[in-house]
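If you want the building blocks of each chain, they are given just below.
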Amino acid sequence: MVGVSIWFMADKELQRDFEWYVRTKKFFAFNSDSATGERAKTIDNFKVRNDALRIKIENRINALFPDTEFILGQRVVDPSEINGTSPQERLKNAITKHLERVYSKNHLTQNYVRNQSELRDLMKRGVQSSLELDAAEQEVNDFITARGDELSVEDIIKHFEKAPFGWKFEAVLQALFQLEAKKKREFVYQNSPRYPSRDFIEHAMKTSERAVCIVRAGEEIPQSTLDAVQDHFKYVFNKDLTRSTNGGELFDYLKAELDRIYISYEKDEDTFYGAYPFGVVFHQLRKKLEDLKTSREPKTLFKRLEDQKEDLKQAFDLAKGMAELMSRAKGDYDAIREFHKNNQENIRELSPEAMEKGEKIADFLRSDDPRHDLRHIIKAYRELKDELNAWMDQLRNEVVQLYEGIFEELEEKAQSMGITESAVYADRDTHLAQIRKISSITQLKLRQSQANAFKADELEKTIRFASKKQSSSGVGQKVNEPKEYYLTRVKATISTEEELEAYLEQVKKDMLDLIRNNKTIIIK
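Residues numbered from 1 in each chain as written. Predicted model: local features only at pLDDT ≥ 70, side-chain atom pairs only at ≥ 80, totals over all residues. Heavy atoms only, no water.

A. Layout of the layout of surface pockets. Taken as a whole, the largest pocket holds about 430 Å³ of empty space. Lining the largest pocket are 25 residues, with E186, R194, G218, N246 and G248 sitting closest to its centre. Of all the secondary-structure elements, those providing two or more residues to the lining of the largest pocket are β5 (185–189) and α11 (247–264). (1 Å grid on protein atoms, 1.4 Å probe; cavity = no way out; pocket = protein on both sides within 12 Å on 5 of 7 lines; lining within 4 Å. Points joined across faces, edges and corners; volume = space filled by probe spheres on them. Helix = DSSP H or I, 4+ residues; strand = E, 2+ residues; numbered from the N terminus.)

Below you can see the structure in the form of structure tokens.
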């Protein structure tokens, strides 16, 4: 309020001039539009005089205004307390002074953000100041404390929008963001405790969501519990957790460490889980850590760590041990696994001692904890591999020699029948090369057992070729048509001399019949 009445009521001439000016303005308002002719001219002359009177009044007011008192906040303010020379400047400064008195704590947020864009930039940078509260933060924190230590953002903003604060809602949200960062408060959004601060503030920027954005006191946790948490962590993971006397801060440290360990075994799980029997240890550890990390309340997380520390330690030690083992011995493990996969049939063809070693290797490869057996298994693997290679080389050489003898006999037979053409019977080099490539004992033994049949088949092809060649050309020694004779078809078993005599007599009779019918006998 401007105190002009003091000098206005004392200046009769100013009162008279002001009253005349107002009455004249009122007359003009009701008569100017309808006036014409001389009357209109008279009114215009009065307007000019009235304008001159207005200037006179303004000059008088300007002269008296520096001595004018103001009533600000129910208090009379002496003119000397208001700066400025012109009435406009003094009035502006008086209003500013009045607002400063009404919103006496507005200046506490003068260095705070002014809009949502600045608030988002601040949240990206984070809170860099000390844990001490500034004046605005202290006001907000004290207000929440006085209201039961828990309030909605809606109620907080409404309070600090009013006098003596008059703060922008962005400034209030900045104060809340900083209180949470300094571990003085924690956020709850739609009943989800310890809600991430940046996400919480984003929700709180929307008027419609402020009622479900709750600010509450951080949980008070005894120091003995915090010390126990640090002991449990070291017991499980064999490393120190960053120490703290603040439950919320220790909760953040613990969550960060659990996240780090969880991520550190991600590659091991991807590599081994589902592909190796022991890969399950990485999956089990990460599953336990994932379940633990879902705790949103410090007390809940701390209690679960205590309850699960034995299982966690066992899972962690196993996963850590397997990771260390695979970092240095994965090549050996893979070589053993590949050897066993490719030689299971071969191992069954070896000695009982070798088969026992094969069983031990199989058990090792099925184990989800092969850490303590690797050294012994590598020894067994090398011994088994050497025995297998030696036996394979010996058997392969025997089979090759057997077939080399067959091919020499085939070559002699072909030469005796005058065959000079190629590809009459199997190619020697190709067939022997195939045998040398065989890596299965069973296959080598099969070739060994088929040698006589192979020889008979190739002799038959050779003789049949020679017979056809002689028949068509009429040149050279006559070659009879081949005819297979199966000795076992005559009699399968012989147990007496009489049976032997009868067998030999029957074989002789059958063969003589074939020869008399111009057949070359192929014995099978």
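B. Inspection of the sheet that holds β5 at higher detail. Taken together, three strands build an open sheet; the order of strands is β4-β6-β5 and the sheet is antiparallel. The open sheet is flanked by β4 (150–152) and β5, the only strands paired with a single partner. Neighbouring strand axes in the sheet, compared pairwise and without regard to direction, differ in orientation by 25 degrees on average. Two strands pair when backbone bridges link them, and β4 and strand β6 (residues 213–217) are joined in this way by three bridges, in the antiparallel orientation. If you follow L151 over to β6, its bridge partner there is V215. Sheet strands in contact with helix α9 (residues 197–204) are β5 and β6, and its direction is about 60 degrees off that of β5. (Pairing = 2+ DSSP bridges. Axes fitted to C-alpha atoms, helices over the stretch in contact; angles between N-to-C directions. Contact = heavy atoms within 4.5 Å.)

C. Structural view of the packing of aromatic side chains. One pass over the full model with this rule turns up 20 aromatic pairs. Following the ring pairs from residue to residue traces out a cluster consisting of F233, F237, Y265, F272, Y276, F278, F282, F316, Y333 and F364. Between R286 and the ring centre of Y262, over which it is positioned, the NZ or CZ distance is 3.9 Å. Across the ring face of Y235, the terminal group of K313 is positioned such that the distance to the ring centre comes to 5.1 Å. (Phe/Tyr/Trp six-rings, centres within 6.5 Å; stacked < 30°, edge-to-face > 60°. Lys NZ or Arg CZ within 6 Å of the ring centre and 35° of its normal.)

D. Main features of the environment of L384. Examined against the element boundaries, L384 turns out to sit in helix α17 (residues 374–416). C-alpha separation for the pair L384 and F339, spaced 45 residues apart in sequence, amounts to 10.0 Å. Setting aside residues up to four positions removed in sequence, L384 forms contacts with F339, I347, L350, A354, K357, G358 and I361.

E. The pattern of salt bridges, seen in detail. The tally for this structure, following the rule as stated, stands at 31 salt bridges. Note that K105 and E139 form a salt bridge whose closest N and O atoms lie 2.8 Å from each other. Linking K105 in the loop between α4 (87–102) and α5 (116–125) with E139 in helix α6 (residues 135–146), this pair joins segments that are 34 residues apart in sequence. With relative accessibility at 21%, the residue E139 sits in the partly exposed group. Between K234 and D240 there is a salt bridge, with its nearest N and O atoms 3.4 Å apart. In this structure D240 comes out as exposed when scored by relative accessible area, which is 55%. Each of the salt bridges in this network shares a partner with another, and the network as a whole consists of K183, E186, R194, R216, D252 and E297. (Salt bridge = Lys/Arg side-chain N within 4 Å of Asp/Glu carboxyl O. Buried < 20%, exposed > 50% of the residue type's maximum accessible area, 1.4 Å probe, protein only.)

F. A negative patch on the surface, seen in detail. A cluster of acidic residues, E497, E498, E501 and E505, forms a negative patch on the protein surface. As for its position among the elements, E505 is in helix α21 (residues 497–516). Exposure remark for E505: the relative accessible area of 53% places this residue in the exposed category. (Patch = residues over 30% accessible without salt bridge, like charges linked within 9 Å, V, L, I, M, F, W, Y side chains within 5 Å. Areas by Shrake-Rupley, 256 points an atom, 1.4 Å probe, with all protein chains shown as cover. Lys, Arg positive; Asp, Glu negative; His and termini not counted. Charge placed at Lys NZ, Arg CZ, Asp CG, Glu CD.)

G. Structural detail: helix α14 (residues 298–342). Over its 45 residues, α14 extends only 53 Å from the first C-alpha to the last, a length that falls short of the 66 Å expected when each residue adds 1.5 Å. At A329, α14 shows its largest kink, close to 80 degrees. (Expected span 1.5 Å × (residues − 1). Bend = angle between axes of the 7 residues up to and from the residue.)

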